[in-house]
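Structural characterization, general
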Amino acid sequence: MIALVITITGPTIAHAAAPVRIMPLGDSITGGPGCWRAVLWDRLQRNGFTGVDFVGTLPGGGCGLNGWDGDNEGHGGFQATGIANQNQLPGWLAATHPDIVLMHLGTNDIWSNLPTSTILAAYGKLVDQMRADNPNMKILVAQIIPMTPSGCSWCPTGVSALDAAIPAWAAGKSTAQSPITVVDQFSGFDTTADTTDGVHPDDSGFQKMSDRWYPALTPLLGGTPPADSTAPSVPAGLRATVSCALVVTLNWSASTDNVGVTGYDVFRSTNNSPFTVIGTTTATTFTDTLSGLAQYEIRARDAAGNTSALTAPVSAAPPPCPPPDTQPPTTPGTPTASATSSTATTLTWTAATDNIGVAGYDVYRAPGASGGTFAQVGRPTTATFTDTGLTPATTYRYQVRARDAAANTSAFSPTLTVTTAGGGSGCTAALTLQTGWGGGYVMQPNTVTNPGTATLNGWTVTFTLPAGHVVTGSWNATVSVSGQTVTVRGIAGQNAAIPAGGSATWGFQASRPNGDTTVPTTATCATP
């Protein structure tokens, strides 16, 4: 069938003080649930036609859009001839007083095998009743959608005959004050793809009906019919994946359009609530946070405001996931320092373990041998860290803790005290194990070296004893112990002064727990 739209020019109703009252009039295709009304309402709102009010004595919902105006006169099973013969329309008009009527009637008349002339006579009586209620009534009459139900062999030809006769009937019935616009709802409508049963539209059918009503209706609202009235194709392959963090990722294949797709609208229904728009995107993917059980639908849109039908809904639910990881890693071993200079030191420690895996370590530093506040200075992924930018001849304390991917953290390791080398020529220190036995050891000669070009007048060596170790004697130096930190100074007149390029030696003896074979291995040296 060739599309034919007859529009008789008359005064529009745009910019009225009160909302323009629009009555959708028809049978179950309009009323139950008649989702073309929801799609049309949504498009009007999105394109600025907000001063409209759908009217009717019937409330109509059940469509996958939230907040739309569902009032209508879509009476399931009713015939145009029955409504006219029983004078039902005047009461509906008196209750609502519409300015515009969108009429899609005749499906049930065709099913009853009534002749075209009888149906058109009913149309004429209904138009007269509309004008009696409102002489300026603007009337949009549909060439009805095709029918191919089982058991009704005459339905396809009956619809074609009625639709072919409507334009001439409308031309003869129109007036300048109350024009009739014929809206072709037949062409391009596929009863296989666009209906659920050969009669009642599905989502794609509702979209097609809305797309035909819209360009015929908007001039009566003060708008300009869109040059592009072709809707994009429905997005294909919509799928939803849910992560254990309850992040929903939607993906779909791109729609096509005669001009171009400008984006997609994403709808969500949570726990069987109505579908509402939760976002728009120009991409073919969208993420959301899951809260309860959800369903999602997508539609495409173009620059002219045409929208595709909604996709079939896809469901999203929390996936089966392992229980959350709440077990922290073990505590790292006591750090040791090496390659300590006047401005840097390198820390190493025994790696922590974890039930799933250690993600890394947090290194904290505090100023001084006591007091002060620990602050994080590093986040290495391995059991070593070099701290730089330190101040010469300054004491620092370090602690380390482990963390896993779930952000569980271990207890802090025991504290390591490090003193950077002094400025100027500085000094270096080395510890040497002479002999050891089950319960102790002797370390000598421990060496302090002056690598500079001037004499050092005093030096201080600092190192950490392993846990449980105790200094039991020392020689050629003054030794003091605080906790496990040992501080060694040269003896004035003996070895406190070290010439350029020279060195001094000293020694100590310590006890340790039976079976423990560890000894201190690194020391730092500072000058006054």
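Each chain has its residues counted from 1, following the order in which its sequence is written. Local features in this predicted model are restricted to residues whose pLDDT is 70 or higher, and side-chain atom pairs enter the listing and the counts only when it is 80 or higher, whereas totals over whole chains, interfaces and linings include all residues. Based on all heavy atoms of the structure, the side-chain values leave hydrogens and waters out of the count.

Points about the overall build of the protein chain
Selection criterion: Each helix is a run of H or I in the DSSP string that is no shorter than four residues. Each strand is a run of E no shorter than two, and both are numbered from the N terminus. Burial classes: relative accessible area under 20% of the type maximum marks a residue as buried, over 50% as exposed, and values in between as partly exposed (1.4 Å probe, protein chains only). Between two residues, a contact is recorded if the distance between any of their heavy atoms is within 4.5 Å. Residue exposure ignores everything except the shown protein chains as possible cover, and the areas themselves are Shrake-Rupley values with a 1.4 Å probe. His is not counted, nor are the chain ends, whereas Lys and Arg count as positive and Asp and Glu as negative. Charge placement uses NZ in Lys and CZ in Arg. For Asp and Glu, CG and CD serve respectively.
From N to C terminus, the protein chain includes 8 helices and 31 strands. Each principal axis of the C-alpha distribution contributes one length, and for the protein chain these read about 130 × 45 × 40 Å. Taking all 528 residues of the protein chain together, the buried fraction comes to 48%. Considering only contacts within the protein chain whose residues lie at least 6 apart along the sequence, 70% involve residues at least 24 apart. Summed over its atoms, the accessible surface of the protein chain is roughly 22,100 Å², and 54% of this surface lies on carbon and sulfur atoms. Of the charged side chains in the protein chain, 21 are positive and 30 negative; the average position of the first set lies 12 Å away from that of the second.

Side note on the pairing of strand β27 (residues 478-482)
Here is the rule: Think of it this way: DSSP has to see at least two bridges between two strands before they count as a pair.
Direction of pairing for β27 relative to strand β28 (residues 485-489): antiparallel, over a ladder of 5 bridges. Residue Ser482 lies in a different strand from β28, and its bridge partner there is Thr485. In sequence, β27 turns back onto β28 through a hairpin of 2 residues, with Gly483 there showing a positive phi of about 65°.

Thoughts on the confidence of the model for the protein chain
Close inspection of predicted coordinates is inappropriate in any region flagged by low pLDDT. Short version of the rule: A residue's pLDDT is simply how confident the predictor is in it, with values from 0 to 100.
Of the residues in the protein chain, 96% have a pLDDT of 70 or more, and the chain-wide mean is 91. For the protein chain, per-element mean pLDDT is lowest for strand β24 (residues 456-457), which scores 84, and highest for strand β4 (residues 100-104), which scores 98. Here residues 1-16 is modelled with pLDDT under 50, and outside its nearest four sequence neighbours on either side it reaches 42 contacts, counting other chains as well.

Remarks on the sheet that holds strand β8 (residues 247-253)
Under the convention used in this document: To get an axis, fit a line to the C-alpha atoms, keeping to the stretch in contact for a helix; angles then go from 0 to 180 degrees between the N-to-C directions.
With respect to topology, 3 strands assemble into an open sheet ordered β7-β8-β11, the strand pairing being antiparallel. Taken across any chain shown, the strands that pair with only one partner, and hence form the sheet edges, are β7 (236-242) and β11 (285-289). Each neighbouring strand pair of the sheet contributes to a mean axis angle of 20°, computed without reference to strand direction. Of the strand pairs in this sheet, β8 and β11 are connected by 5 bridges, and their pairing is antiparallel.

Thoughts on unusual backbone geometry
Each neighbour pair has its own omega, and for Gly32 with Pro33 the value is -10°, a cis peptide bond. Considering the arrangement of structural elements, one finds Pro33 in the loop between α1 (28-31) and α2 (35-46). Pro445 follows Gln444 through a cis peptide bond whose omega is -10°. By the element assignment, Pro445 lies in strand β23 (residues 440-449). Phi at Asn113 takes a positive value of approximately 65°, unusual for a residue other than glycine.

Re the side chain of Asp69
We apply this condition: Criterion for a salt bridge: a side-chain nitrogen of Lys or Arg within 4 Å of a carboxyl oxygen of Asp or Glu. In protein, a polar contact means a hydrogen-donor-capable atom and an acceptor-capable atom, both N or O and within 3.5 Å, with residues adjacent in sequence counting only if both atoms are side-chain atoms; elsewhere, any N or O pair within 3.5 Å suffices.
Structurally, Asp69 can be placed in the loop between β2 (52-54) and β3 (73-74). Arg37 provides the closest opposite charge to the buried, unpaired Asp69, separated from it by 7.1 Å. Polar contacts involving the side chain of Asp69 include one to the main-chain amide nitrogen of Phe54, which spans 3.0 Å. Within polar-contact distance, the side chain of Asp69 engages the backbone nitrogen of Asp71 at 3.4 Å. Residue contacts for Asp69: discarding those within four places in its chain leaves Trp41, Asp53 and Phe54.

What to know about the packing of aromatic side chains
Condition: Geometry of aromatic contacts follows a simple scheme: Phe, Tyr and Trp rings, the Trp one being its six-membered ring, pair when their centres are within 6.5 Å, and the pair is stacked under 30 degrees between planes, edge-to-face over 60, tilted otherwise. Comment: the charge-over-ring label is applied if NZ (Lys) or CZ (Arg) is within 6 Å of the ring centre and within 35 degrees of the ring normal.
Inspection of every chain in the model, using the stated rule, returns 12 aromatic pairs. Each ring, one from Trp506 and one from Phe508, has its centre 5.7 Å from the other, and the planes form 20°; the classification is stacked. By relative accessible area, Trp506 is classed as buried at 2%. An aromatic cluster of three or more residues is present, and its members are Tyr441, Phe463, Trp506 and Phe508. Positioned above the aromatic ring of Tyr214, the side-chain terminus of Arg43 is 3.8 Å from the ring centre.

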